[in-house]
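One-letter residues, chain by chain:
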Amino acid sequence: MSVRPYRDILRRRSRQIHVGKVPVGGDAPITVQSMTNTLTSDVQATIDQVRALEVAGADIVRISCPDEESTAALKKIIPEVTVPIVADIHFHYRRGIEAAEAGAACLRINPGNIGSRDRVREVIKAARDNNCSMRIGVNAGSLEKELLERYGEPCPEAMVESALNHARILEDEDFTEFKISCKASDVFLAVAAYTALADACDYPLHLGVTEAGGLRSGTIKSSVGMGNLLWAGIGDTIRVSLSADPVEEVKVGFDLLKSLGLRHRGVNVISCPSCARQQFQVINTVEVLEKRLAHITTPLTLSVIGCVVNGPGEALMTDVGFTGGGRGTHQVYINGLPDHRLKDKDIVDHLVEMVEAKAAEIEAAQVAEEIGDAQGEAGAKAPAAAAS
């Protein structure tokens, strides 16, 4: 238990699998995924989008493979990117085999909709032969007819039953390198299904509120649904589904994890909504700062507060703090302590400089710590070698 137990999140214990070199589940960090929306057969456009997602921080990227042209394109796409690729497969088992042979790190399938048990075995063999994991993807909008007839409508029980039925198909073939998703566009349904599934198995879970909507509404929906689950310790990898640039999905995903202290990447900007007390234009300043600081991946915090009511208090808990003051003169804080004053005209440039310097300081300290650890290990091994 930490010194602030009200912030502790006890993650569900799940088994660990790998998507390429990226671990998912167990004690691995919660990964952030997105999906390309280019025509997969347009090789260069797809490569460009995957690279943009890599820059944004995506750990895993999914690519749809609806036809033979798409799986053929994977052979050209995968060598040109560094992030592991998940091939999205529906209905045709041959696409799954082709994608695994093309170098996909994972196949997103529904074992129940790719044909007979023999065909499922062929896909599993291709996955096993090519070190390819799988994701069982259950969706409230495409549940099996038999389940809908029995339950009357998509419901948590039907979704969990579907997921476990599909899991058994893979388990019967002695294949357990898979994760499960149980998505719905209805937040209540998605949360209830994932909660029940988390109790029913120990496989890693891929979280998502599917078809969540546009950038604003989809972000809110996803934050409510996935935030609820993540806070409860449920979830090993996430995808925010937005009708927007896929890069925005990655940004929202990291912001969601950062808000819960589950993942730290880049600058966490803490800023006030502004009011008549503000001593500088907070909204414009924050908007420009977020763009200017987007290149920083080192985790650190920056507070930008318009007046002295909350500014000094927020600055106590941030790496770099900025509080508006009277007559165009403001206070800059470093590591929670007042450091120097600053005039209006220099705000953005100066804060960018301060944050970049702080990021460099943090990175240097990390390197020094790693070197120290390595030297300590080498020193510990030397006496043992001498004694032998």
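The following paragraphs examine the structure supplied in this document. (Residues numbered from 1 in each chain as written. Predicted model: local features only at pLDDT ≥ 70, side-chain atom pairs only at ≥ 80, totals over all residues. Heavy atoms only, no water.)

## Examining empty space enclosed by the protein
Enumeration according to the criterion identifies one cavity of 30 Å³ or more in this entry. One number sums up the size of the largest cavity: a volume of about 40 Å³. In terms of lining, the largest cavity is formed by Asn-110, Gly-137, Val-138, Asn-139, Ser-142, Leu-143, Glu-144, Ser-162 and His-166. Among the secondary structure elements, those contributing two or more residues to the lining of the largest cavity are strand E7 (133-139) and helix H6 (156-172). Per-element tally for the lining of the largest cavity: the top contributor is E7, with three residues. Looking at the lining of the largest cavity, its residues break down into two nonpolar, six polar and one charged. (1 Å grid on protein atoms, 1.4 Å probe; cavity = no way out; pocket = protein on both sides within 12 Å on 5 of 7 lines; lining within 4 Å. Points joined across faces, edges and corners; volume = space filled by probe spheres on them. Helix = DSSP H or I, 4+ residues; strand = E, 2+ residues; numbered from the N terminus. Nonpolar A, V, L, I, M, F, W, Y, C, P; charged D, E, K, R; others polar.)

## Comments concerning the environment of Gly-115
Turning to its location among the elements, Gly-115 is positioned in the loop between strand E6 (106-109) and helix H4 (117-129). Look at Gly-115 and you get partly exposed, because its relative accessible area is 41%. C-alpha separation for the pair Gly-115 and Asp-42, spaced 73 residues apart in sequence, amounts to 28 Å. (Buried < 20%, exposed > 50% of the residue type's maximum accessible area, 1.4 Å probe, protein only.)

## Structural notes on the pairing of strand E12 (residues 300-305)
In terms of burial, E12 is largely enclosed, as six of its six residues are buried. By the alternation rule, side chains of E12 split into Leu-300, Leu-302 and Val-304 and Thr-301, Ser-303 and Ile-305, which are all buried. When strand E11 (residues 267-271) meets E12, the two strands line up parallel, connected through five bridges. Opposite Asn-268, over in E12, you have Thr-301 as the bridge partner. Of the strand pairs in this sheet, E12 and strand E13 (residues 320-323) are connected by four bridges, and their pairing is parallel. (Pairing = 2+ DSSP bridges.)

## Some words on the pattern of salt bridges
As enumerated under the stated definition, the model contains 20 salt bridges in all. One connected set of salt bridges, linked through shared partners, spans Arg-11, Arg-12 and Asp-236. (Salt bridge = Lys/Arg side-chain N within 4 Å of Asp/Glu carboxyl O.)

## Considerations on the side chain of Thr-237
For Thr-237, the location among the structural elements is in strand E10 (residues 237-239). By relative accessible area, Thr-237 is classed as buried at 0%. A polar contact is formed between the side chain of Thr-237 and the side chain of Thr-31, at a distance of 2.6 Å. Residue contacts for Thr-237: discarding those within four places in its chain leaves Val-24, Ile-30, Thr-31, Gln-33, Ile-60, Lys-179, Leu-205, His-206 and Leu-207. (Polar contact = N/O pair within 3.5 Å; in protein donor to acceptor, adjacent residues only side chain to side chain. Contact = heavy atoms within 4.5 Å.)

## Section: the nonpolar core
Judged by nonpolar contacts, the single largest core of 82 residues is most densely connected at Leu-107, Met-134, Ile-180 and Leu-230. The greatest single-element share of this core, amounting to eight residues, is contributed by helix H7 (residues 187-200). Those residues in contact with Leu-230 that lie beyond four places of it in its chain are Ile-9, Ile-30, Leu-207, Gly-235, Ile-238, Leu-256, Leu-257, Leu-260 and Leu-262. Counting 23 residues, the second largest nonpolar core, distinct from the first, contains Phe-280, Leu-289, Val-304 and Val-320. (Core = buried A, V, L, I, M, F, W, Y, C linked by side-chain atoms within 4.5 Å.)

## Examining the packing of aromatic side chains
Enumeration over the complete set of coordinates arrives at two aromatic pairs. Both rings, one in Phe-280 and one in Phe-322, keep their centres 5.1 Å apart while their planes meet at 70°; by these two values the pair is edge-to-face. With a gap of 42 residues between them, Phe-280 in the loop between E11 and helix H10 (282-292) and Phe-322 in strand E13 connect regions that are remote in the sequence. The burial state of Phe-280 is the same as that of Phe-322; both residues are buried. (Phe/Tyr/Trp six-rings, centres within 6.5 Å; stacked < 30°, edge-to-face > 60°.)

## Observations concerning unusual backbone geometry
Residues other than glycine seldom take positive phi values, yet Arg-327 does so here, at roughly 60°. Looking at the secondary structure, you find Arg-327 in the loop between E13 and strand E14 (329-334). Even without a glycine there, the phi angle at Asn-335 is positive, about 55°. Accessibility expressed as a relative area gives 45% for Asn-335, which makes it partly exposed.

## Looking at the packing of H7 against helix H8 (residues 215-231)
Contact geometry for H7 and H8: axes closest at 10 Å, N-to-C directions at 20°. Considering their axes alone, H7 and H8 lie roughly parallel with respect to each other. The interaxial crossing formed by H7 with H8 has right-handed handedness. Two secondary-structure elements touch here, H7 through Val-187, Val-191, Tyr-194 and Thr-195 and H8 through Lys-221, Val-224, Gly-225, Asn-228 and Leu-229. Looking at the contact of H7 with H8, its residues break down into five nonpolar, three polar and one charged. (Axes fitted to C-alpha atoms, helices over the stretch in contact; angles between N-to-C directions. Parallel < 35°, antiparallel > 145°, perpendicular 65-115°, else oblique. Left-handed = near helix turned anticlockwise from the far one by under 90°.)

## Quick word on the sheet that holds E14
Taken in spatial order, the five strands make up an open sheet running E11-E12-E13-E14-E15, and their pairing is mixed. In the strand order of this sheet, the two ends are held by E11 and strand E15 (337-343), each with one partner. Strand-to-strand, the axes of this sheet are offset by a mean angle of 20°, without reference to chain direction. Each of E11 and E12 is contacted by H10, which is oriented at about 160° to E12, the strand it contacts most.

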